[in-house]
Structures are given as C-alpha cells and as structure tokens.
Amino acid sequence: MKHCIEGSEAVAQAVNNCRPDVISAYPITPQTHIVEELALLKANGHANYEYILADSEFAAASIVLGASATGGRTYTATSSQGLLYMTEVIFDIAGMRLPVIMTVANRAISAPINIWNDQQDSMTVRDSGWIMLYAKDNQSAVDLHLLAYKLAEKLKLPAMINMDGFVLTHTVEPIDIPSVSDTKKFLPSYKPEVGQILDTKNPVTLGSFVTPEYYQEIRFDLHSDLLRAKELFTKEAIKFNKIFHRQHDLVEYYGTAKPDSVIITIGSVFGTIQDVVDELNNRGQKVGVFHLTCFRPFPDEQIVEKLSKIKSIAVLEKDISLGSSAGLDMEIRRALFNKNKSTVTSFVYGLGGRDITPEYIREIFKQIKQ
Amino acid sequence: MKKYIQIRIHGRGGQGAVTAANLIAKAAFYEGKFSQAFPNFGVERRGAPVEAFVRISSEPVRIQSQIYQPDFLIVQDPTLLKLVPDVLEGIKKSTVIFVNSEQANWPQLDLLKLYTIPVTDFARQIIGRDITNTGMITAFALITKLIQFESLIKAIKDEFKYKPELISSNIKLMKQIQKYIIENKKIRLK
C-alpha cells in the first residue's frame, strides 16, 4: 500500500521492517531524517533494535562493525563529511567481511562548506570493498535496502545504498513500504555461519595481522566475492519482483528501442531525463537514458551489451575526480574500451546542490547529437 | 514536458513552508492524484528565506528539478516581496499569487492575479504564534479548489501525528480562514 511520505521516513520504516538488531548513528548535520525516524520508532515502542547514540561518525561505524562481528543485523546512515570521517572503519568493515548496511544521503564535501546534494561523498569510498547501489527515486531507495541486506548477508559483504540528499531524502511522494510479513518472505532472519563471527564457543579472529605472503590473496578474495554480487543481484531481483511486483536491474533503460543518443547517469536525475526523453522522442528524435543502479561491483557485461552499439553517449554525474575525469565517466570508457564505436562525452554537473533542469538535459542531447 | 500543476511556496525558516508543501502533496494524494513536495533550503536556520515546491498530476511525477515557472505562488511572509524579483522569478501572467497580508494592494503585483489573506493575525489569536502555513494553504485550497478542505484536515492529522497538540489548534485556524474566505467574497478575482 502506498503512503504519501518523505523519502527518509519511508527508508527508516523499511529498515525497521528488515528487523535489524543494532543501529548506531551520530546525530548532527549532515545527518538525515532517517536516523531521527528510527530513533522515534524505538522511543515509541515500534522497534526491537538497540539504538546506540554514538559520539562521532567514526564511533557509529565502529559500533555497527562490532555489533555485526557478534552476529547481529546492523544498520547506520550518514552523509557527506560523516562518511569521510567513517572512511577508515568502512575499509575495515569490508575487509572483515561484515554485512553492515548503510544509507548514504549523498551530499557535497567541504571545502567550501556546502550541505547540498552531489555524489562526491560516496565516490570517494568506491575502492573500499562495499556493494554500492544508487537509487533512481524514493521507491527504489526503499526497495534497494531489502536487496542490500540479502546480498550482504549471502556474500558476507557490506552494502551501501546511496540516495540523493535533499532531492530524495526530503521529497514527500507516494511510496510503497514493504510490510513486515512481505519483507520476511524476501529477507528471513540473519543466521551467520559458524566461524563467521566472534563466538566464545567457536573462537576466531577477525581482521587479524597478515604478512605479505597472504595479504594480496585475501584482498583478491574480497574482490572476486564482490564481483559475484552482480549475478546475485539479478537473481534476487527476480525473487523481489515476484513478491513486490517491482523490477530492479543493475542497469536500467528508458527510451526508444534503437536510440542514436543516450545519457547514462546515476541517481535521481534519471526522472528528469525520462521526461525530456519522452518529449524529444515525441518530436521524432531517437534518444534514451540509462540508470546505473549498481556502481560496485561495476556491471561491465551489461554496459557493453546495452551501450556498445549506440552512436553518442553522454555520461552525466554529480562528482569529479579532481585532476582526472569523473567516477562514472572513467568506468564507462574503461568498460567500453575496444568494444564500441561510440563517442563518449562527460558532463559533470549538479555539484553542491546545483539544480539539474530539463533545459540542461535538452542542451546535453543537442551537444552530443552534433 | 509533462503536464504538472506546479506550486511554489516562499517563507522564512520556521514558518512552515516545507510543511505547507507536504500537506498539499498529501491532500492531493488522498484524492487519488500523484504528487510530489520538496524543499529548497538556503541556510538551515530560523528566519532565512525558504522555498518549497509541489507538483500535482494525474500521472506519476518523475521530474526532480525545482519549479521555475509556477502556476501558483504562495507567499507566507510579505516582507519577502521586498526581495523582488527573487520571489516573483518565473511568474507568468497566468500565475495565481496568494500573499499573507493585511495590505490588499501591492503595486509591484498590479498586473498579476493576486489574493491577499491576513493570516498572521488569525494565527496569533488562535495558535498563539505567527505560524501561517496551514492558514495559507486553506485559502489556496478553497480558492483554487485543487484540493478539498477535508483532505487537508486528513493531511494535518498525518503530518502532526507525533505532535497531537498542533492538530486541534491548526484545524481551528483553518476553520477561521474558511469562514473569512466565505465572508470576504470581494477577495475573489473575476
């Protein structure tokens, strides 16, 4: 059943229905209404998790690391500077193979100080070993949390759900929140394997000291397991669709069947582009738009299959790799290298909350058609 | 572009512009329409200018861009009009404007479709504070007939579910504004 509800509130309720054991967060700007709502649900007796107020983002990440290491289902949320402050722990969580789930309300990074939306925060931790999913709208933000828990617990890897700060987190719109019983059907209780967690009956060490003889092998193990998330995502998305009747793909397409020009993007600007795509196609153009839902692992196969025959590709994103190009642009060019005859053009826009308008989208299509 | 009804609300931090937008979106949703509401904060503090946006449509709202050419403009704080042209940016001849003010004539808005409603006094009397958002959207609903008064009441009960003390005072204010609109037919434009 749909509710007209704020994105953050919807995510919080969906997370509660995933039945986490421990939630920890640090409540300061830049935080989100997500943890406020989770605190409220707990205070009002509508939740069973332990809610631990941390004294910093570093501590919040450390607390969910510890809770996950003892076998609990865990959750945290952060944004911008908070994510950067967590960075050291974020690499540890992945290296220790802990299925922590975190929402990142994507916001700009200082300096200069800016509280508004872009995706620089998440792009900065792309090499940490987390599954990184991006929501195209608030419904997918909600749904991706269920999928994230499933993938994380099956692969023993952490997963991060990115949703555009303000643009999605503060938007009130009709959203379906999966009920507890439907959520249980898709996501049963978490049962860690023997030897996976800290347990006095089966003692293990997590995150131990490793010498040069083994370190590289362990890092490559993490890499190959992370790559497995692609196949599993597709498999689990089919099961999800059977219960909730909503389709989610690693890469999603909207537009005419055989486009000559497309934009590929990541995050909530997808909706604005969809409107422009309809408008241009009604005028006889042949355009489309791709949304990349899964950034880590990167879906090379789907990108090659879907994009290699298209003449002009614009990559639109809200992040920049200073001194080089931008996160998504580099990945698209790498994935398509020697496999296509497309022209790829990078568009970095919307940094620090600059609004991406339909006019700007029309201008991109105009430029890449020339 | 898709056909959306687009509403832009201007207020100052603390006056409830964001809540006003949320309430309109929820009321429209209860009536079976698709809707979307979202804010654009300046600096997040009391008194700073705040904008909030609402789109209402018969189909799902996909666009996530701000509203530059509103069909309806709601100005909660008349002092913001001194910031012209910011508040009036993108106004079309057809844009209907609602201003919270006792002053009926606004020379700079002369050629525009304007309604003035003195919500602040009513709010001070009934709520005890100059929070004008629910009063302004009541006037908006009754004059435009885009949403029903009853749907707004339902939206308020949902929005303030954790602050029940706000529900009764706001409903009282809304009924007072309803009475005012009915009695003051002269504020209606031809």
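Residues numbered from 1 in each chain as written. Chains lettered and ligands numbered in written order. Predicted model: local features only at pLDDT ≥ 70, side-chain atom pairs only at ≥ 80, totals over all residues. Heavy atoms only, no water.

J.: Explain the packing of aromatic side chains here, please?
T.: Each aromatic ring pair is characterised by the separation of its centres together with the angle its planes make. This structure, assessed with the given rule, holds 14 aromatic pairs over all chains. Look at phenylalanine 58 of chain A and tyrosine 85 of chain A: their rings are 6.1 Å apart centre to centre, the planes differ by 45 degrees, and that puts the pair in the tilted class. Separated by 27 residues along the polypeptide, phenylalanine 58 of chain A in helix H3 (residues 57-69) and tyrosine 85 of chain A in helix H4 (residues 80-95) bring together distant segments of the chain. Overall, the relative accessible area of 30% leaves phenylalanine 58 of chain A in the partly exposed class. On the basis of relative accessibility, which here comes to 49%, the residue tyrosine 85 of chain A falls in the partly exposed class. Here the aromatic cluster, defined as three or more aromatic residues joined through ring pairs, consists of Phe72, Phe98, Tyr115 and Phe140 of chain B. Sitting over the ring of tyrosine 149 of chain A, arginine 73 of chain A keeps its end group 5.4 Å from the ring centre. (Phe/Tyr/Trp six-rings, centres within 6.5 Å; stacked < 30°, edge-to-face > 60°. Helix = DSSP H or I, 4+ residues; strand = E, 2+ residues; numbered from the N terminus. Buried < 20%, exposed > 50% of the residue type's maximum accessible area, 1.4 Å probe, protein only. Lys NZ or Arg CZ within 6 Å of the ring centre and 35° of its normal.)

J.: Any chance you could explain the sheet that holds strand E9 (residues 251-255) of chain A here in plain terms?
T.: Neighbouring strands of a sheet are bound in pairs by backbone hydrogen bonds; such pairs are parallel or else antiparallel. Residues and elements named next belong to chain A. If you trace the five strands from one edge of the open sheet to the other, you get E9-E11-E10-E13-E14, paired in mixed fashion. One side of each edge strand has no neighbouring strand; the edge strands of this open sheet are E9 and strand E14 (343-348). Across this sheet, the average inter-strand angle for adjacent strands is 20 degrees, counted without regard to direction. Note that strand E13 (residues 312-317) and E14 share six bridges and pair parallel. Looking at E14, one finds that leucine 316 is bridged to phenylalanine 347. The strands touched by helix H12 (residues 327-336) within the sheet are strand E10 (261-265), strand E11 (287-292), E13 and E14, with E13 carrying the most contacts at an inclination of about 150 degrees. Packing of helix H13 (residues 358-369) onto the sheet brings it into contact with E10, E11, E13 and E14, and relative to E10 it is tilted by some 130 degrees. (Pairing = 2+ DSSP bridges. Axes fitted to C-alpha atoms, helices over the stretch in contact; angles between N-to-C directions. Contact = heavy atoms within 4.5 Å.)

J.: Honestly, the packing of helix H11 (residues 300-307) of chain A against H12 of chain A in this entry has me stumped. Any pointers?
T.: Residues and elements named next belong to chain A. Relative to each other, H11 and H12 sit at 75 degrees, their axes nearing to 9 Å. Comparing their axes, H12 and H11 come out roughly perpendicular. Facing Asp300, Ile303, Val304 and Leu307 of H11, the residues of H12 in contact are Ile332, Arg334, Ala335 and Leu336. In the contact of H11 with H12, the residues fall into six nonpolar, no polar and two charged. (Parallel < 35°, antiparallel > 145°, perpendicular 65-115°, else oblique. Nonpolar A, V, L, I, M, F, W, Y, C, P; charged D, E, K, R; others polar.)

J.: Could you clarify how one ought to interpret the packing of H3 of chain A against H4 of chain A in this entry?
T.: A pair of packed helices is characterised by two quantities: the angle between their axes and the separation of those axes. Residue and element names in this part refer to chain A. Following both chains from N to C, one finds H3 and H4 inclined at 25 degrees, their axes separated by 7 Å at the closest point. Our classification of the angle between H3 and H4 gives roughly parallel. Pair H3 / H4 crosses with right-handed handedness. Where H3 abuts H4, its residues Glu57, Phe58, Ala60, Ala61, Ser62 and Leu65 lie against Gly82, Tyr85, Met86, Glu88, Val89, Asp92 and Ile93. For the contact of H3 with H4, a count of residues per class yields eight nonpolar, two polar and three charged. (Left-handed = near helix turned anticlockwise from the far one by under 90°.)

J.: What's the story with helix H10 (residues 269-282) of chain A in this structure? I'm lost.
T.: Spacing of three or four residues puts side chains on the same side of an α-helix, whose turn is 3.6 residues. Residue and element names in this part refer to chain A. Its 14 residues place the ends of H10 20 Å apart at the C-alpha level, agreeing with the 20 Å of an ideal helix rising 1.5 Å per residue. Among the 14 residues of H10, 13 are classified as buried, and the element is accordingly described as predominantly covered. One or two residues past the end of H10 sits glycine 284, with phi positive at roughly 95 degrees. (Expected span 1.5 Å × (residues − 1).)

J.: For this particular structure, what's the right way to read the interface of chain B and chain A?
T.: How big an interface is tends to be stated in terms of accessible area lost as the parts join. Taken residue by residue, the interface counts 26 residues in chain B and 31 residues in chain A. Note on chain B versus chain A: buried area summed over both sides is about 2,400 Å², and carbon and sulfur give 53% of it. Along the contact surface separating chain B from chain A lie three salt bridges. Among the ionic pairs, arginine 62 of chain B bridges to aspartate 275 of chain A, the shortest N-O distance being 2.9 Å. Taken together, the connections running from chain B to chain A amount to 12 residue pairs in polar contact (both at pLDDT 80 or more). (Buried area = accessible area lost by both parts, 1.4 Å probe. Salt bridge = Lys/Arg side-chain N within 4 Å of Asp/Glu carboxyl O. Polar contact = N/O pair within 3.5 Å; in protein donor to acceptor, adjacent residues only side chain to side chain.)

J.: Looking at this structure, how should I read the domain arrangement of chain A?
T.: Residue and element names in this part refer to chain A. Parsing chain A into structural domains produces domain 1 (2-243) and domain 2 (251-369). If you average the C-alpha positions of domain 1 and of domain 2, the two centres end up 27 Å apart. Taken together, the contact pairs 26 residues of domain 1 with 26 residues of domain 2. When domain 1 packs against domain 2, the two sides together hide about 2,100 Å² of surface, and 57% of this comes from carbon and sulfur. Across the salt bridge formed by glutamate 301 and lysine 230, the nearest N and O atoms sit 3.2 Å from each other. Those elements that provide at least two residues to the side of domain 1 that touches domain 2 are helix H5 (120-123), strand E6 (131-134), helix H8 (215-227) and helix H9 (229-244). Classifying every residue of the side of domain 1 that touches domain 2 gives 16 nonpolar, four polar and six charged. (Domains from an automatic or database assignment.)

J.: What's the story with the pairing of strand E7 (residues 159-164) of chain A in this structure? I'm lost.
T.: Two faces belong to every sheet, and in a regular strand the side chains alternate between them. Residue and element names in this part refer to chain A. Where burial is concerned, most of E7 is hidden: six out of the six residues are buried. Burial along E7 is two-sided: Ala159, Ile161 and Met163 facing one way and Met160, Asn162 and Asp164 facing the other are all buried. Relative to E7, strand E5 (residues 101-106) runs parallel, the two being bridged by six bridges. The residue bridging methionine 102 from the neighbouring strand is methionine 160, located in E7. Summarising the sheet, E6 and E7 pair through four bridges and their orientation is parallel.

J.: It is not clear to me how H3 of chain A should be interpreted in this structure. Could you clarify?
T.: Residue and element names in this part refer to chain A. With 13 residues, H3 extends 18 Å between its outermost C-alpha atoms, agreeing within 8% with the 18 Å of an ideal straight helix rising 1.5 Å per residue. Buried residues of H3: Glu57, Ala59, Ala60, Ala61, Val64, Leu65, Ala67, Ser68 and Ala69, and no others. Buried residues in H3 make contact with strand E2 (22-25), strand E4 (74-78) and H4. Just downstream of H3 lies glycine 71, where phi reads positive at about 100 degrees.

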